[in-house]
Amino acid sequence: MSLTRADASSATLTDERSTSTGRSLAAPSEHPHRIGRYTVVQVLGEGGMGTVFSAYDPQLDRKVALKLMHGGDTAQSEHTNPRARLLREAQAIAKVTHPNVIHVYDVGTVELDGHTQVFVAMEQVIGQSLRTWMDALWQTERWQRGEAVREIVEVMAQAGRGLAAAHASGLVHRDFKPDNALLGDDGLVRVVDFGLARPFGASQGDSQEDSQEDLSASHEDLPPSSVLQERLTVTGAVVGTPAYMAPEQFRGAATNGRTDQFALCLTLYEALYGVRPFTERGYRRAVAVMKGDMRPRPRVPPVPDRLHAVIERGLRTEPRERFDSMGALVDALRLSVAGRWRSGWVAGALVVGVSAAVLVATRFDPAADPAADPAADPCGTGARRMAEVWNAERRDTLGQALQIEGLPYAAQVTQSTIAALDRYAQGWVEGHRDACEATHVRHEQTGALLDKRMICLDQRMAAIDASIDELSAGDPDRVEHALAVVDGLPALSTCADGAVLAVRVAPPPDDATRQQVAAVRAELQRVAAKQRLRAFDPALALVVALVPRAEAVDYAPLQPEILLHHGRAQALAQQAEPAEDTLHRALLRAQALGMDELVLEAAMELAQVVGVQRAQPKAGIGWADLAEATAQRVGIDPAQRAELLRRRAWVLVEWGLDREAIAIAQQALTAASEAYAPDDYEMQGVHSSLGSVYGRLRELDDARQHFERSLEIGRQHLGPDHPLLIGTYRNLGNVYSALHQLDQARAYLEKAAELTERLPDASREDRALIVNALGNLAYNEQRWDAAQGHFDEALRLREALLGPEHPAVARTVNSLANTVLQLGELQYAEALYLRSLRIREAAHGPDHPGLVIALDNLAMMLVRNGRAREALSYLERGDALLAANPDVPGQVASHRYWLGRALVESGEDRARGQTLVHNALERFVALGDEGMRQQIEAWIQGRRRPDRSTGRAGG
């Protein structure tokens with residue numbers, strides 16, 4: 001039996017206390033006082049096919065819900081037998097044992113008024129239907145503000161788990177809707193009314209044709225005598241509730257688990273937005289559903305884009321385009337709003353100011369959480385455990401520590417950080433309950449897997465504990481990186497990933513060793529917290545002290561683990577050579593023990609250390625390849641994939657393979673978009689990295705767009721005056737300067753310079769880079785003296801910070817050379833160009849494509865000053881490097897122009913030279929570089945006007 005929304009008694013199988021549907025049998029009534037051995041107490045609901053009673057079972061001393069069919073068993077067609085339909089519902093539900101599916105106790109017949117009628121006894125749920133719950137929720141302000149999104153998703157995820165359990169038993173519900181699910185006062189959702197349930201593959205007319213899907217369960221798994229095999233409707237007839245039916249149901253086609261996905265996503269859409277996705281009625285609704293004509297997405301309430309995308313996939317017209325299973329859909333829904341994939345929208349919704357965050361703390365207060373009583377709920381102890389780590393007292397302490405007087409960004413950072421900690425703590429509590437229930441309630445995982453999940457969660461708790469300690473120290477430096485500390489906490493999702501955990505090595509067999517291992521790992525979490533605070537030297541000192549302690553523990557897997565942390569700490573402390581050796585040893589030990597997760601992490605670290613820090617990009621790509629191969633074997637979540645791709649992109653940039661770097665950086669953005677909501681703090685760094693890669697390729701409009709998006713996200717989470725945004729302001733200034741939009745460039749650079757001078761947290765590197773950027777701006781404004789002054793200061797700062805032979809110093813040397821060349825200081829310019837070339841050769845080797853800029857700038861200076869023959873050796877060398885590497889349009893065009901000029905002016909090969917110059921002209925026209933077009937045309941026409949061209953500032 002199912003009741004429509006218009007029925008007053010929508011509370012199927014429930015004590016609907018928010019309505020007045022219950023009627024005492026003391027009043028005049030046609031209903032019986034006894035059905036079989038059950039004593040009828042009250043009517044719970046009535047529908048066209050039957051009545052639901054609250055009843056008492058004296059044999060087992062419990063309340064039950066009794067469903068009794070209307071009418072007798074005589075005048076029924078072979079296709080519309082309600083007795084058979086009710087028996088089928090009972091049989092369907094009885095096959096499924098799951099906390100999110102109504103529990104059937106008994107089924108039988110009773111003689112009433114000369115007719116044999118069917119009854120089913122089920123558990124009686126105290127609560128409400130999802131329909132009533134949704135109706136009440138829509139009246140609240142928190143729903144209108146989007147603050148109920150996570151609650152809605154969790155409720156629907158429970159319903160999805162119940163449907164998944166039915167699917168595992170070979171059944172598809174075919175009539176899921178808000179009226180056919182109950183939300184109990186115990187917090188559990190139960191799916192009910194399986195009257196239309198059929199085996200996988202059965203069509204709407206219940207024909208016995210199999211679906212073409214490759215499904216794990218089918219009607220062939222059921223016994224031949226099962227009522228579930230009977231055909232109860234006319235072949236091809238449409239059954240179900242039209243408002244929630246999938247396209248295949250309207251077509252009378254085969255149904256399977258993806259049919260229930262459609263209904264669940266439609267219900268979720270309705271709960272989130274307060275309207276259904278298809279606006280038409282009657283026949284037009286069926287047409288709209290089959291065509292996929294959905295209404296425009298409502299703007300209110302706000303729903304995360306990632307969540308909406310999951311729902312849209314579940315509502316696709318072709319079943320094959322939906323999720324592979326109901327379980328996959330449920331996982332995608334939960335990951336879209338919880339755990340490691342935290343959505344930025346929650347920050348504004350949950351917390352407004354530091355004091356408001358205390359409201360969230362009650363969720364972790366054991367006194368306010370009866371589920372935390374182990375006797376009442378053995379799986380509810382997670383809240384009490386988390387309250388020992390994150391509670392009102394520690395929240396107040398942290399809030400006071402981060403509110404450093406004189407820091408303009410402290411209030412915004414404090415708010416964002418506490419909100420992020422609240423979300424992480426809540427996700428941990430939910431993960432703890434789910435891990436426990438998976439073994440002890442749902443019986444879907446082994447005790448060994450539960451052990452690994454709890455160990456994983458213990459490490460996450462140690463991470464949040466260490467992070468709070470570090471952030472509460474009251475040091476102003478803590479405030480700058482506070483949000484990064486929390487957003488960098490290890491992923492909670494890993495602790496629920498059975499596939500990943502299954503391949504992890506077993507924990508120590510004895511408690512004493514387990515405690516030793518846990519103690520070392522807790523200290524390693526303190527190391528990680530210090531690193532996220534950029535306290536790299538203290539972090540290295542702590543991990544070095546831990547090495548002998550870890551080696552003394554009789555547990556082999558701890559050894560590669562400590563080596564990984566040691567190598568990472570060395571790398572962050574700029575000890576690249578020893579870091580490479582330590583990480584290599586960690587990887588080899590992990591391989592020997594079959595610790596693939598650690599192999600993946602070590603290979604990713606080696607890609608960065610070797611490919612970027614040690615400037616050996618070819619070897620770095622080899623390590624990235626190993627990480628990718630390992631990821632394919634063991635699996636990798638979108639956030640980790642984004643990080644792997646980001647590192648590969650930077651190695652390619654270091655190699656000079658900018659085109660490949662762009663492609664990989666775009667893949668990294670795609671992976672990050674799967675891992676995070678568009679406004680999540682993590683996306684700020686993703687857009688910044690992509691902007692930098694585009695900038696290196698001189699694709700300036702793309703670079704500008706990504707830097708502006710990075711700034712937008714950063715301001716949202718950190719406020720406009722945070723030191724971490726100095727680099728983004730500077731990058732935007734450089735891009736606008738290169739675009740010759742000098743007013744915009746000056747505004748961004750002045751903002752960066754103002755913050756650099758005003759904020760005590762601004763680093764020496766920030767100061768050097770902003771002075772260098774101001775030099776670039778003055779250069780593009782043709783203020784040569786001012787540009788030289790800036791570049792001189794930038795060179796002094798960078799040499800003091802990085803040493804005189806660092807590749808970054810070479811870029812400033814190159815910019816200074818370009819400037820003094822404009823001032824006519826030819827010998828000084830030549831010496832600077834030669835120095836830039838020598839530094840790059842020493843750092844990258846003689847065959848690095850990045851040398852082309854230095855070679856061309858030196859040659860350009862020689863050509864312009866009548867020394868074309870001397871320039872040819874540098875230009876031909878650059879030509880060979882370009883031929884061996886991908887095409888970089890702007891660089892190739894410039895190179896061909898100067899090589900062509902040198903060949904013509906030296907008399908070495910005028911025909912080839914003229915061809916190269918004309919080819920360069922065509923490229924600059926295509927690139928829209930008006931300045932170079934005019935310069936080349938003037939040279940071609942023989943108009944020897946003053947040549948104000950330059951090399952590429954910054955190199």
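Look up: the structure comes first, before these words.
Residues numbered from 1 in each chain as written. Predicted model: local features only at pLDDT ≥ 70, side-chain atom pairs only at ≥ 80, totals over all residues. Heavy atoms only, no water.

Asker: Please clarify how the overall build of the protein chain should be interpreted in this entry.
Answerer: For the protein chain, the helix and strand inventory stands at 39 helices and twelve strands. For the protein chain, the residues scored as buried account for 57% of the 955 residues in total. Pairs at least 24 apart in sequence give 65% of the contacts found in the protein chain among residues at least 6 apart. Of the roughly 38,400 Å² of accessible surface on the protein chain, a fraction of 50% belongs to carbon and sulfur atoms. (Helix = DSSP H or I, 4+ residues; strand = E, 2+ residues; numbered from the N terminus. Buried < 20%, exposed > 50% of the residue type's maximum accessible area, 1.4 Å probe, protein only. Contact = heavy atoms within 4.5 Å. Areas by Shrake-Rupley, 256 points an atom, 1.4 Å probe, with all protein chains shown as cover.)

Asker: Mind showing me how you'd approach the pairing of strand β7 (residues 115-123) here?
Answerer: A regular strand carries its side chains on alternate faces of the sheet. Among the nine residues that make up β7, eight are buried, leaving the element largely enclosed by the rest of the structure. Across five bridges, the pairing between strand β5 (residues 62-69) and β7 is antiparallel. Across the sheet, Ala 65 pairs through a bridge with Met 122, a residue of β7. Sheet topology note: the strand β6 (residues 104-112)/β7 ladder contains eight bridges and is antiparallel. Note that in β7 the partner of Val 107 across the bridge is Val 120. (Pairing = 2+ DSSP bridges.)

Asker: Looking at this structure, I do not really get the state of the cysteines. What am I missing?
Answerer: When the sulfur atoms of two cysteines share a covalent bond, that bond is a disulfide. Inspection of the entire model under this criterion finds two disulfides. Across the disulfide from Cys 379 sits Cys 436; the S-S distance is 2.0 Å. An S-S torsion of about -70° defines the bridge between Cys 379 and Cys 436 as left-handed. Taken as a pair, Cys 379 in the loop between α11 (358-361) and α12 (382-389) and Cys 436 in helix α14 (residues 410-440) lie far apart in primary sequence, 57 residues in all. We note that Cys 379, like Cys 436, is buried. Two residues, Cys 456 and Cys 495, share a disulfide whose sulfurs are 2.0 Å apart. (Disulfide = S-S within 2.5 Å.)

Asker: Got a minute to help me understand the sheet that holds strand β8 (residues 127-129) in this structure?
Answerer: Adjacent strands of a sheet form backbone hydrogen bonds with each other and so pair up, either parallel or antiparallel. Strands sit in the order β8-β10-β11 across an open sheet of three strands; the sheet is antiparallel. The strands lining the two open edges of the sheet, one partner per strand, are β8 and β11 (189-191). The mean inter-strand angle of the sheet, taken between neighbouring strand axes irrespective of direction, is 25°. Strand direction decides the pairing type here: β8 and strand β10 (residues 181-184), joined by three bridges, are antiparallel. Looking at β10, one finds that Gly 127 is bridged to Gly 184. Against the sheet, helix α2 (residues 130-137) engages β8 and β10, with an angle of about 90° to β8. (Axes fitted to C-alpha atoms, helices over the stretch in contact; angles between N-to-C directions.)

Asker: Even after reading the chapter, I still don't get the environment of Val 172, so can you show me in this structure?
Answerer: Checked against the element boundaries, Val 172 lands in strand β9 (residues 171-172). Taking the C-alpha atoms as reference, Val 172 lies 7.6 Å from Thr 259; in sequence the two are 87 residues apart.

Asker: How should the pairing of strand β4 (residues 50-57) be read in this particular structure?
Answerer: Counting buried positions along β4 yields seven of eight residues, so the element is predominantly enclosed. Sheet topology note: the strand β3 (residues 38-46)/β4 ladder contains six bridges and is antiparallel. Bridge pairing in β4 links Gly 45 to Val 52. As paired elements, β4 and β5 share eight bridges and run antiparallel to each other. When the sheet's bridge partners are listed, Thr 51 is paired in β5 with Leu 68.

Asker: What's the story with the pattern of salt bridges in this structure? I'm lost.
Answerer: When the charged atoms of two side chains lie near each other, side chains of opposite charge can form a pair. Scanning all chains against the criterion turns up 50 salt bridges. With a closest N to O distance of 2.8 Å, Arg 142 and Glu 151 form a salt bridge. Judged by its relative accessible area of 31%, Arg 142 is partly exposed. Its relative accessible area of 30% is what places Glu 151 among the partly exposed residues. (Salt bridge = Lys/Arg side-chain N within 4 Å of Asp/Glu carboxyl O.)

Asker: When you look at unusual backbone geometry in this model, what are you seeing that I'm missing?
Answerer: For residues besides glycine, phi is generally negative; the peptide bonds are generally trans as well. Omega for the bond connecting Val 300 with Pro 301 falls within 30 degrees of zero, at -5°, which places this linkage in the cis form. Positive phi is not limited to glycine here, since His 740 has a value of about 60°. Mapped onto the elements of the fold, His 740 is located in the loop between α29 (726-738) and α30 (742-758).

Asker: So what exactly am I meant to see when it comes to the side chain of Ser 688 here?
Answerer: Its place among the elements puts Ser 688 in helix α27 (residues 682-696). Residue classification places Ser 688 among the buried residues on the basis of a relative accessible area of 18%. Ser 688 has contacts with Phe 707, Ser 710 and Asn 731, leaving out every residue within four places of it along the chain.

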